[in-house]
Amino acid sequence: MSMLSRLLRKGPDKKESLRPLWHRVVEIAREKRWYAQCGVADTVPGRFDAVTMVLALVMLRMEREEALITPSVFLTELFVDDMDGQLRQSGVGDLVVGKRMGKLMSVLGGRIAALREGLSDEGPSLAQALERNVTLNEGADTALLAREVRKLAAEIGATGADDLLAGQIRR
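Report follows, based on the coordinates.

The rules behind these values
- Sequence order as written defines the numbering, with residues in each chain counted from 1.
- The model is predicted, so local features are restricted to residues of pLDDT at least 70 and side-chain atom pairs to those at 80 or more, both for listing and for counting; the totals for chains, interfaces and linings are taken over all residues.
- The side-chain numbers reported here are obtained from all heavy atoms of the structure, hydrogens and water having been left aside.
- Only runs of H or I of at least four residues qualify as helices and only runs of E of at least two qualify as strands under DSSP, and these elements are numbered from the N terminus.
- To estimate how far a helix should reach, multiply one less than its number of residues by 1.5 Å.
- Classification of residues uses two cut-offs on accessible area relative to the type maximum, computed with a 1.4 Å probe and protein chains only: under 20% is buried, over 50% is exposed, and between them is partly exposed.
- Two N or O atoms count as a polar contact when they lie within 3.5 Å, although within protein this holds only if one can serve as hydrogen donor and the other as acceptor, and sequence-adjacent residues are included solely when both atoms are side-chain atoms.
- Structural elements are reduced to axes, namely lines fitted to C-alpha atoms, with helices fitted over the stretch in contact, and the angle between N-to-C directions of any two is expressed from 0 to 180 degrees.
- Every angle not falling under 35 degrees, over 145, or within 65 to 115 is termed oblique; those three ranges are roughly parallel, roughly antiparallel and roughly perpendicular.
- By the convention used here, residues are in contact when the closest approach between their heavy atoms is within 4.5 Å.
- Charged residues are taken to be Asp, Glu, Lys and Arg, nonpolar residues to be Ala, Val, Leu, Ile, Met, Phe, Trp, Tyr, Cys and Pro, and polar residues to be all remaining types, Gly included.
- Salt bridges are defined as contacts in which a side-chain nitrogen from Lys or Arg sits within 4 Å of a carboxyl oxygen from Asp or Glu.

1. Considerations on helix α8 (residues 142-157)
With 16 residues, α8 should cover 22 Å at 1.5 Å per step; its first-to-last C-alpha distance of 22 Å lies within 8% of that length. Taken together, the buried positions of α8 are Thr142, Leu144, Leu145, Ala146, Glu148, Val149, Arg150, Leu152, Glu155 and Ile156. The N-capping residue of α8, defined by a side-chain oxygen 3.2 Å from the backbone nitrogen of Ala143, is Asp141.

2. A look at the packing of helix α7 (residues 125-133) against α8
Where α7 meets α8, the axes come as close as 9 Å, and the angle between the chain directions of the two elements is 105°. With respect to α8, the element α7 is oriented roughly perpendicular. Of the residues in α8, those touching α7 at Leu126, Ala127, Leu130 and Glu131 are Thr142, Leu145, Ala146, Val149 and Arg150. In terms of residue class, the contact of α7 with α8 is made up of six nonpolar, one polar and two charged.

3. Some points on the environment of Met62
For Met62, the position within the fold is in helix α4 (residues 44-63). What makes Met62 buried here is its relative accessible area of 0%. If we skip the residues at most four places from it in the chain, Met62 touches Leu18, Leu21, Leu68, Ile69, Pro71, Ser72, Leu75, Leu164 and Leu165.

4. Concerning the pattern of salt bridges
For the structure on display, the rule yields 10 salt bridges. For Arg33, the salt bridge is made with Glu148, and the minimal N-O distance between the two is 2.7 Å. With Arg33 in helix α3 (residues 32-36) and Glu148 in helix α8, this residue pair connects regions lying 115 residues apart in the sequence. For Arg33, a relative accessible area of 22% gives the class partly exposed. The buried category is assigned to Glu148, whose relative accessible area is 15%. In this structure, Asp49 engages Arg111 in a salt bridge whose closest nitrogen and oxygen atoms are separated by 3.2 Å. Of this pair, Asp49 sits in helix α4 while Arg111 sits in helix α6 (residues 94-119), placing them 62 residues apart in sequence. Pair check on accessibility: Asp49 and Arg111 agree, each one buried. One network of salt bridges, with partners in common, ties together Glu31, Arg33 and Glu148.

Honestly, that's just the spatial picture; any functional story needs more than this.
This is the structure we're talking about:
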């Protein structure tokens, strides 16, 4: 956002209240167990997949409660802002950033749909969805990853709306 638009904007930026939740999403995605035990590749694509995996679980929780729908939009905007900054920092030029951002948003949407479907039953569909949607090391234990994702989904699901918005997801 440009300096001029920030100066002319009325009131605080609504997405700033979601920054603690965004930081918590990233913090959870950086937990060593995803990489050391669950086999998520400790690479740029693997770390991106971990972030979108955790963010998708949070978004699935937020879509279940009417009062969290609007804040979920602001959380998505923080994701976009962060990814835009990461792309620019890695040297991606202005002409390509928009196209890449479209792809990243598509990935997030696909991840949400895959996790929604995978979490809907206790069968192997979650492990299969994770195998398709997460960059994994060779020989990764997708069953363990699925169990950890289910556990995290339950923890996020048990988090009250106010605590969730404040980024207070207990692990």
